[in-house]
Protein chains: 2
Amino acid sequence: MGEMNTREIDIRAMALAARSAGRALALSTTAARNAALQGIAERLANVGPELWEANQADVAYATEAGIAPALLDRTTLNVKRLQGMVDGCRDVAALPDPLGEVFEGHTLANGMVLAKKRVPLGLLATLFESRPNVTIDIGALAIKSGNGVIMRGGKESLQTNIVLVGIVQEALAAAGLPADAVQLVTSTDRALVPQLLAMDDLIDLVIPRGGPGLQGLVKQLARMPVAYGGIGVCHLFVDASADLDRSIPLINNAKTQAPSVCNALDTVLVHRSVAGDLIPALVTDLTSAGVKMYLDEASMATLDAISIADAGDLLASATAEHYGVEFLSLQLSVKVVSTLDEAIAHIQRHGTNHSDGILTDSVASAERFLNEIDSAATYVNCSTRFTDGGVFGLGAEVAISTQRMHARGPMGLRELTTYKWIVRGDYHIRP
Amino acid sequence: MGEMNTREIDIRAMALAARSAGRALALSTTAARNAALQGIAERLANVGPELWEANQADVAYATEAGIAPALLDRTTLNVKRLQGMVDGCRDVAALPDPLGEVFEGHTLANGMVLAKKRVPLGLLATLFESRPNVTIDIGALAIKSGNGVIMRGGKESLQTNIVLVGIVQEALAAAGLPADAVQLVTSTDRALVPQLLAMDDLIDLVIPRGGPGLQGLVKQLARMPVAYGGIGVCHLFVDASADLDRSIPLINNAKTQAPSVCNALDTVLVHRSVAGDLIPALVTDLTSAGVKMYLDEASMATLDAISIADAGDLLASATAEHYGVEFLSLQLSVKVVSTLDEAIAHIQRHGTNHSDGILTDSVASAERFLNEIDSAATYVNCSTRFTDGGVFGLGAEVAISTQRMHARGPMGLRELTTYKWIVRGDYHIRP
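Remember, predicted model here, so these are calculated numbers, not experimental data.

(A) Structural detail: the nonpolar core. If you look at the biggest cluster of nonpolar residues, it comprises 152 residues, and the most contacted ones within it are Ile40 and Val206 of chain A together with Ile40 and Val206 of chain B. Val206 of chain A has contacts with Ala125, Leu197, Val218, Ala222, Met224 and Val226 of chain A, leaving out every residue within four places of it along the chain. Formed by 52 residues, the second largest nonpolar core is a distinct cluster that contains Cys234, Leu269, Met293 and Tyr379 of chain B.

See the structure below:
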């Protein structure tokens, strides 16, 4: 398959083929789509040296290009990661088929029968960075939901992705489905991205999985709908009535359990009446876990000299730039607020409507927070880390949407579908 | 209010105010929002000469500018149209409140309780042509669904719209709601449209109600989600087993009942086996109703010389340009096809996925058509004219969406909302 990326890419022809193959997928049986997913799992579980060699080539290329260690790590395959991909395919195969569901049916007074029927979106395009597991995840979700998909991964994963997409296409063909439904853009020519984003007549949804740079480019150029997601400036507000002993491990979990992901905590807001009790203990707990903390003046004033000395470099005064920022690392800002209103106003101003929560034992405060904060996931007494398709019961996810149209929060199989109205009559005419 | 349009417009400040007012609307009671709608109805029912004077000024301006008669007619208010607007507000007030609905709730194994809660989209922007009733329709739907809205109507309706939006704002204030939630762009400066379409940080959805020119501009410039709609190239396929006697009045209805709207029929496909029986009768029926018909060769061959002579100028040979076109007038193209597959392929190639149907007495053909045609409204044995929010039971509509994300077909109150996940726990942490 290595020769693929030396050919000139006709991205329009590729999209036409993927779209037409996607239509066949949309009309295929659940059994055939699941067989393709099991086939991918099987092939991955028994993969030969070609995958490891391709990945080694990518890692060598990435090392030479001097990419960041975090990216390099994400590029590197190992047995555990491969097993995760195998399990992921089997999990998606085990999920219920989202297609064909008929819902909101009703009969009109004139006897016409209306219902909505769930159908695939059509053709997806995904732009993503290095992680090879994304290739398999998205391929599996697209197949199960009956969508065609064109993928463009990072340059530093190209050889790995060529092998992986080859496996997906083999499994599709073996299940009697059109291999063209899942396609990889094997050219690293940057001019292809604007071309892709202009094909609104062929592509129904673009899913950019990357940082603000990629999202900005897509916002500027995409003529079709886009599922933006993943940027989460997440807040927890510790209300006056919160159980402080239980709040500290929860905040620790939200910050440290997976600091590099979008639902990790960025800012803690603390009600003034509990600041003196909470903040010193919180600083001890989090700095022990290696978290660098940025405290506003009122938070800092709750600490004695010994605590400040103990925290050392891990403690700093907060400035404006420490609020409304997605740290994606072991950093956290803290701010004292005088009222629930002030906390709500801060989150409305600085948040990204991803995952925000209140810690409180007051039902009134909880309900006000749930009403007035309008985040994709709005929490009472939970770690922000729970925002996840698997946890929410949607199965695997393609993205966590932070926009308001179509789907908010985790986007799983059902969020890759839409509906059509099917209407049956008896030669009805409109009076 | 006439002086409004002499001020310089700060469209960003306007959007900020509308967004913030929309938030208050989102948190308001159903009773307050309904009171505002009843207030608009009341004020319109008792409106003084200022509305008629403003509309006369618009009509005079439009006449002088030499706009098309159809546009001029749409601009002109009369008592019947005003009564329609009054009734429209009362109808929307009577619809159930879409906000606050809690759905798809479930409890996780760890005891956390999740549900989706229905919330407004946020701030809408609508760009539309002349009809003043659109101003009231959209204002009413936005208020009921808790959304702020910025409207920009046609230049030829400006004075009328200033009076109408003034009435909406008065009614909002009288109901204790922020008047800023519904705003009219009173400047006709074209540069404001690109400015508006770049404000993706403030505007959650753009609804362009206009022709392909407006939609193309929005597609190119809008950085936020857009509800495209209204362009319908609609097909009916008369299958071999159709009841021909009942098909003719149905086709007549689909074509002639309201020829200028998007769900009006554009092309009839006829199965070869019934072409000889159907087409001569269809030509007689439709040309009698003043429909200009474009027939392909096979269709023309079904007619005798007398029929052709009778039809006169209303009959012409079809060329490629008569298929895949939205006529919006008393014109119709006809084509003979040999199979259901050929009909499906024609619709997939030439349709806009708006409203397409089959006329058949065969369950197998009906089911295949319903499966393989993927239009927002896919019909069996119904006129395409039924695609309408009121008919479908959604209440009034802001648009008929022809895109796939979020909502397809008629967009009513619920389609102007989204959801957030609300999650209640007991200091849960993610293991």
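Picking up where we left off.
(B) Quick peek at the sheet that holds strand E11 (residues 331-337) of chain A. With mixed pairing, the ten strands of this open sheet are ordered in space as E10(A)-E9(A)-E11(A)-E8(A)-E7(A)-E12(A)-E13(A)-E16(B)-E2(B)-E1(B). Strands at the two margins of the open sheet, each flanked by one partner only, are strand E10 (315-317) of chain A together with strand E1 (102-107) of chain B. Each strand of the sheet is rotated relative to its neighbour by a mean of 20 degrees, with strand direction disregarded. The pairing of strand E9 (residues 292-295) of chain A with E11 of chain A spans four bridges and is classified as parallel. The partner of Met293 of chain A across the bridge, within E11 of chain A, is Leu332 of chain A. Strand contacts of helix H11 (residues 272-288) of chain A: strand E7 (234-238), strand E8 (265-271), E9, E10 and E11 of chain A, with the helix running at about 145 degrees to E8 of chain A, the strand carrying the most contacts. Against the sheet, helix H14 (residues 340-350) of chain A touches E7, E8, E11 and strand E12 (355-359) of chain A, its axis set at about 140 degrees to E11 of chain A.

(C) Geometry of the environment of Asp243 of chain B. Take Asp243 of chain B: it is sitting in the loop between strand E7 (234-238) and helix H10 (244-256). For the pair Asp243 of chain B and Leu278 of chain B, spaced 35 residues apart in sequence, the C-alpha separation works out to 9.8 Å.

(D) Region of the structure containing the packing of helix H2 (residues 30-45) of chain B against helix H5 (residues 79-94) of chain B. Residues and elements named next belong to chain B. The interhelical angle for the contact between H2 and H5, taken along N-to-C directions, is 165 degrees, at an axis separation of 8 Å. With respect to H5, the element H2 is oriented roughly antiparallel. Seen along the crossing, H2 lies across H5 with a hand that is left-handed. Where H2 abuts H5, its residues Asn34, Leu37, Gln38, Ile40, Ala41, Leu44 and Ala45 lie against Leu82, Met85, Val86, Cys89, Arg90, Val92 and Ala93.

(E) Seen up close, the domain arrangement of chain A. Residue and element names in this part refer to chain A. If you check the domain split of chain A, you get domain 1 (2-227 + 407-424) and domain 2 (234-391). Using C-alpha coordinates to define each centre, domain 1 is positioned 36 Å away from domain 2. Listed per partner, the contact involves four residues of domain 1 and five residues of domain 2. Considering only residue class, the side of domain 1 that touches domain 2 consists of one nonpolar, two polar and one charged.

(F) Helix H7 (residues 158-174) of chain A, seen in detail. All names here are of chain A. With 17 residues, H7 extends 24 Å between its outermost C-alpha atoms, agreeing within 8% with the 24 Å of an ideal straight helix rising 1.5 Å per residue. With 13 of 17 residues buried, H7 lies mostly within the body of the structure. Looking one or two places after H7, you find Gly176, whose phi comes out positive at around 80 degrees.

(G) Broad picture of the interface of chain B and chain A. Taken residue by residue, the interface counts 55 residues in chain B and 55 residues in chain A. Among the secondary structure elements, those contributing two or more residues to the side of chain B that touches chain A are strand E2 (113-120), H10, helix H15 (363-372), strand E13 (377-382) and strand E16 (417-428) of chain B. In terms of residue count, the dominant contributor to the side of chain B that touches chain A is E16 of chain B (eleven residues). Taken together, the residues of the side of chain B that touches chain A break down into 24 nonpolar, 16 polar and 15 charged. Of the strand pairs in this sheet, strand E13 (residues 377-382) of chain A and E16 of chain B are connected by five bridges, and their pairing is parallel. Residue pairing in the sheet places Tyr379 of chain A in a bridge with Val423 of chain B of E16 of chain B.

(H) Structural detail: unusual backbone geometry. Even without glycine at this site, Asn381 of chain A takes up a positive phi of about 55 degrees. Mapped onto the secondary structure, Asn381 of chain A falls in strand E13.

(I) Up close: the pairing of E7 of chain A. Residue and element names in this part refer to chain A. With five of five residues buried, E7 is to be regarded as a mostly interior element. Side-chain alternation along E7 places Cys234, Leu236 and Val238 on one buried face and His235 and Phe237 on a second face that is also buried. Viewed along the sheet, the connection from E7 through helix H10 (residues 244-256) into E8 turns out right-handed. As paired elements, E7 and E12 share four bridges and run parallel to each other.

(J) Molecular detail of helix H3 (residues 49-65) of chain B. Residues and elements named next belong to chain B. Along its 17 residues, H3 runs 24 Å from first to last C-alpha, staying within 8% of the 24 Å computed at 1.5 Å per residue. Residues of H3 that are buried make contact with helix H4 (69-75) and helix H7 (158-174). Remark: Gly66 follows H3 within two positions and exhibits a positive phi of approximately 70 degrees.

(K) Spatial organisation of the relation of the copies chain B and chain A. When chain B is brought onto chain A, the operation consists of a screw motion whose angular component is 180 degrees and whose axial shift is 0.0 Å, with 0.1 Å RMSD remaining. Both copies of the chain, as the preceding transformation shows, are related through a two-fold rotation axis. Minimal C-alpha distance to the rotation axis in chain B is attained by His406 of chain B, lying at 1.8 Å. With an isologous cut-off of 70% or more, the 100% of interface residues of chain B that recur at the interface of chain A puts this contact in the isologous class.

(L) Quick peek at the pairing of E11 of chain A. All names here are of chain A. The element E11 is extensively covered by neighbouring structure, given that six of its seven residues are classed as buried. Of the pairings in the sheet, the one linking E8 to E11 comprises five bridges and is parallel in character. Looking at the pairing, Val270 lines up with Val336 of E11.

(M) Seen up close, the environment of Gln195 of chain A. Residues and elements named next belong to chain A. Position of Gln195 relative to the elements: it lies in helix H8 (residues 192-197). A tally of 16 C-beta atoms within 10 Å means that Gln195 is categorised as partly exposed. Considered as a pair, Gln195 and Arg12 are 183 residues apart in the sequence and their alpha carbons are 8.3 Å apart.

(N) Local environment of the confidence of the model for chain A. Residues and elements named next belong to chain A. With 98% of its residues at a pLDDT of at least 70, chain A reaches an overall mean of 93. Low confidence marks residues 1-7, where pLDDT is under 50. Its contacts with residues over four positions away, or in another chain, come to ten contacts. The ipTM, which scores confidence in the relative placement of chains, is 0.92 for this predicted complex, and the corresponding pTM is 0.91.

(O) Fine view of the sheet that holds strand E6 (residues 205-209) of chain B. All names here are of chain B. Spatial strand order, E5-E4-E3-E6: four strands in an open sheet with parallel pairing. Only two strands of the sheet have a single neighbouring strand rather than two, namely strand E5 (182-184) and E6. Recorded for the sheet is a direction-independent mean angle of 15 degrees between the axes of neighbouring strands. Together, strand E3 (123-128), strand E4 (148-152), E5 and E6 form the strand contacts of helix H6 (residues 132-144), whose direction differs from that of E4 by roughly 165 degrees.

Here is what the cut-offs are and how they apply
Residues numbered from 1 in each chain as written. Chains lettered and ligands numbered in written order. Predicted model: local features only at pLDDT ≥ 70, side-chain atom pairs only at ≥ 80, totals over all residues. Core = buried A, V, L, I, M, F, W, Y, C linked by C-beta atoms within 7 Å. Buried ≥ 20, exposed ≤ 12 C-beta atoms within 10 Å, placed from the backbone. Contact = placed C-beta atoms within 7 Å. Pairing = 2+ DSSP bridges. Helix = DSSP H or I, 4+ residues; strand = E, 2+ residues; numbered from the N terminus. Axes fitted to C-alpha atoms, helices over the stretch in contact; angles between N-to-C directions. Parallel < 35°, antiparallel > 145°, perpendicular 65-115°, else oblique. Left-handed = near helix turned anticlockwise from the far one by under 90°. Domains from an automatic or database assignment. Nonpolar A, V, L, I, M, F, W, Y, C, P; charged D, E, K, R; others polar. Expected span 1.5 Å × (residues − 1). Right-handed = clockwise from strand over helix to strand, strands pointing away. Least-squares fit on C-alpha atoms with pLDDT ≥ 70 in both. pLDDT = per-residue confidence, 0-100.

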